[in-house]
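Letter by letter, the chains look like this.
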Amino acid sequence: NAGVTQTPKFQVLKTGQSMTLQCAQDMNHEYMSWYRQDPGMGLRLIHYSVGAGITDQGEVPNGYNVSRSTTEDFPLRLLSAAPSQTSVYFCASSYSYRGGESTIYFGEGSWLTVV
Amino acid sequence: DAKTTQPPSMDCAEGRAANLPCNHSTISGNEYVYWYRQIHSQGPQYIIHGLKNNETNEMASLIITEDRKSSTLILPHATLRDTAVYYCIVRLLLGGNNRKLIWGLGTSLAVNP
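Every value quoted in this text rests on a predicted model; they were computed, and no experiment measured them. (Residues numbered from 1 in each chain as written. Chains lettered and ligands numbered in written order. Predicted model: local features only at pLDDT ≥ 70, side-chain atom pairs only at ≥ 80, totals over all residues. Heavy atoms only, no water.)

**What about the sheet that holds strand S8 (residues 76-78) of chain A?**
Residues and elements named next belong to chain A.
(1) Moving on: One open sheet accounts for four strands, arranged S1-S3-S8-S7; its pairing is antiparallel. Strands with a single pairing partner mark the edges of an open sheet, and in this sheet they are strand S1 (4-7) and strand S7 (64-66). Sheet twist, expressed as the mean angle between neighbouring strand axes with direction ignored, is 20°.
(2) Moving on: Pairing analysis gives four bridges linking S1 to strand S3 (residues 19-25), with the strands arranged antiparallel. If you follow Thr-7 over to S3, its bridge partner there is Gln-22. (Pairing = 2+ DSSP bridges. Helix = DSSP H or I, 4+ residues; strand = E, 2+ residues; numbered from the N terminus. Axes fitted to C-alpha atoms, helices over the stretch in contact; angles between N-to-C directions.)

Okay, structure coming up:
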């Protein structure tokens, strides 16, 4: 049972480069999201999706794009990396609204450094 | 949007109970209280959740006050492996299936030998 899988685990980028963080879940969850976590700060929501073909912005969406072509996959794209995007990124998934509650499952994180 | 307030850090002796408080005074009637923990460099891990009744599972107990404005997570016999940041969050529900969770800074729990 893989759960939520993120790749790569570590990545170093040069300023201006683009890259995609991959996220896949095998639990048939409708809801998927991306967070970033910086030292001394909590998790901040970047983008989220409530189902295939549907995405929406979170708290800090600038500089990131997402798409949701399948239920399983929710990639996060950095179009032109900036040093301010150096962070740890977490992907998460859950069932959507079902009876008022749903547990969120997180991936193990992707460490991104932009130099 | 309901938000939570937690002490930034706490200490606990190994083998003793750890009681982690959380204030959520603006919680709405249909919002759940969730607790997660994050061990260094790992993804957050679900612990427990509740609406208004006390809850217990194999990891912890959750005590929610009658007015639901605060709660306490109890780790009955803390071990060194329980050293982590503990997040208390309130589940928001926006527009049906849309949902944005607000994460604070959590409580950094240090379990000491």
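**Focus on the environment of Arg68(B)**
All names here are of chain B.
(1) Moving on: Along the chain, the position of Arg-68 falls in the loop between strand S6 (61-64) and strand S7 (70-75).
(2) Moving on: A C-alpha to C-alpha distance of 9.9 Å links Arg-68 and Glu-31, two positions 37 residues apart in sequence.
(3) Moving on: With residues near it in sequence (within four places) discarded, Arg-68 still touches His-24, Ile-27, Ser-28, Gly-29, Asn-30, Glu-31, Leu-51 and Lys-52. (Contact = heavy atoms within 4.5 Å.)

**Side note on the layout of surface pockets**
(1) Moving on: Approximately 450 Å³ is the volume attributed to the largest pocket.
(2) Moving on: Taken together, 20 residues line the largest pocket, and the ones lying closest to its centre are Gln37(A), Asp38(A), Gln38(B), His40(B) and Tyr87(B).
(3) Moving on: Among the elements of the structure, strand S9 (87-94) of chain A together with strand S8 (84-90) of chain B are those that each provide at least two residues to the lining of the largest pocket.
(4) Moving on: Here the lining of the largest pocket is built from residues that sort into 11 nonpolar, eight polar and one charged.
(5) Moving on: Empty space within the second largest pocket amounts to approximately 250 Å³.
(6) Moving on: As for the second largest pocket, its lining consists of 16 residues, and the residues nearest its centre are Phe106(A), Glu108(A), Gly43(B), Pro44(B) and Gln45(B). (1 Å grid on protein atoms, 1.4 Å probe; cavity = no way out; pocket = protein on both sides within 12 Å on 5 of 7 lines; lining within 4 Å. Points joined across faces, edges and corners; volume = space filled by probe spheres on them. Nonpolar A, V, L, I, M, F, W, Y, C, P; charged D, E, K, R; others polar.)

**Let's talk about the state of the cysteines**
Residues and elements named next belong to chain A.
(1) Moving on: Taken as a whole, this structure holds two disulfides over all chains when the rule is applied.
(2) Moving on: Through a disulfide, Cys-23 is tied to Cys-91; the S-S separation comes to 1.8 Å. An S-S torsion of about -75° defines the bridge between Cys-23 and Cys-91 as left-handed. Taken together, the residues Cys-23 in strand S3 and Cys-91 in strand S9 connect sequence positions 68 residues apart.
(3) Moving on: Cys-91 gets classed as buried once you look at its relative accessible area, which sits at 0%. (Disulfide = S-S within 2.5 Å. Buried < 20%, exposed > 50% of the residue type's maximum accessible area, 1.4 Å probe, protein only.)

**Notes on the packing of aromatic side chains**
(1) Moving on: Enumeration according to the criterion identifies eight aromatic pairs over all chains in this entry.
(2) Moving on: Ring geometry for Tyr34(B) versus Tyr36(B): centroids 6.2 Å apart, planes at 20°, classification stacked. Exposure class is identical for Tyr34(B) and Tyr36(B). Each is buried.
(3) Moving on: Here a set of aromatic residues connected by ring pairs shows up, and it is made of Tyr35(A), Phe106(A), Tyr34(B), Tyr36(B) and Tyr46(B).
(4) Moving on: Here the basic side chain of Arg68(A) rests over the ring of Phe74(A), its NZ or CZ set 5.9 Å away from the ring centre. (Phe/Tyr/Trp six-rings, centres within 6.5 Å; stacked < 30°, edge-to-face > 60°. Lys NZ or Arg CZ within 6 Å of the ring centre and 35° of its normal.)

**So, the nonpolar core**
(1) Moving on: Counting 21 residues, the largest nonpolar core has Trp35(B), Leu73(B), Tyr86(B) and Leu109(B) as its most contacted members.
(2) Moving on: The leading source of residues in this core is S8(B), at four residues.
(3) Moving on: Not counting residues up to four positions away in its chain, the partners in contact with Tyr86(B) are Gln6(B), Leu20(B), Trp35(B), Tyr36(B), Arg37(B), Ile47(B), Leu73(B), Leu75(B), Gly106(B), Thr107(B) and Leu109(B).
(4) Moving on: Leu78(A), Ala81(A), Tyr89(A) and Cys91(A) belong to the second-largest nonpolar core, a separate cluster that totals 19 residues. (Core = buried A, V, L, I, M, F, W, Y, C linked by side-chain atoms within 4.5 Å.)

**Some points on the sheet that holds strand S1 (residues 9-13) of chain B**
All names here are of chain B.
(1) Moving on: Taken in spatial order, the five strands line up as S1-S9-S8-S3-S4 in an open sheet, and their pairing is mixed. Bordering the open sheet on either side are S1 and strand S4 (45-50), each of which pairs with just one other strand. On average, adjacent strands in this sheet sit at an angle of 25° to one another, irrespective of strand direction.
(2) Moving on: Sheet topology places strand S3 (residues 33-38) next to S4; five bridges connect them, and they run antiparallel. Paired with Tyr-36 across the bridge in S4 is Tyr-46.

**Description of unusual backbone geometry**
(1) Moving on: Of the consecutive residues Thr7(A) and Pro8(A), the connecting peptide bond is found in the cis state with omega at -10°.
(2) Moving on: Examined against the element boundaries, Pro8(A) turns out to sit in the loop between S1 and strand S2 (10-13).
(3) Moving on: The phi torsion at Asn28(A) lies on the positive side, around 60°, for a residue other than glycine.
(4) Moving on: According to the relative accessible area criterion, Asn28(A) is exposed, its value standing at 53%.
(5) Moving on: Of note in this structure, Arg68(B) is not a glycine but carries a positive phi near 65°.
(6) Moving on: Note on Arg68(B): relative accessible area 9%, which makes it buried.

Any functional reading would require information beyond the geometric quantities listed.
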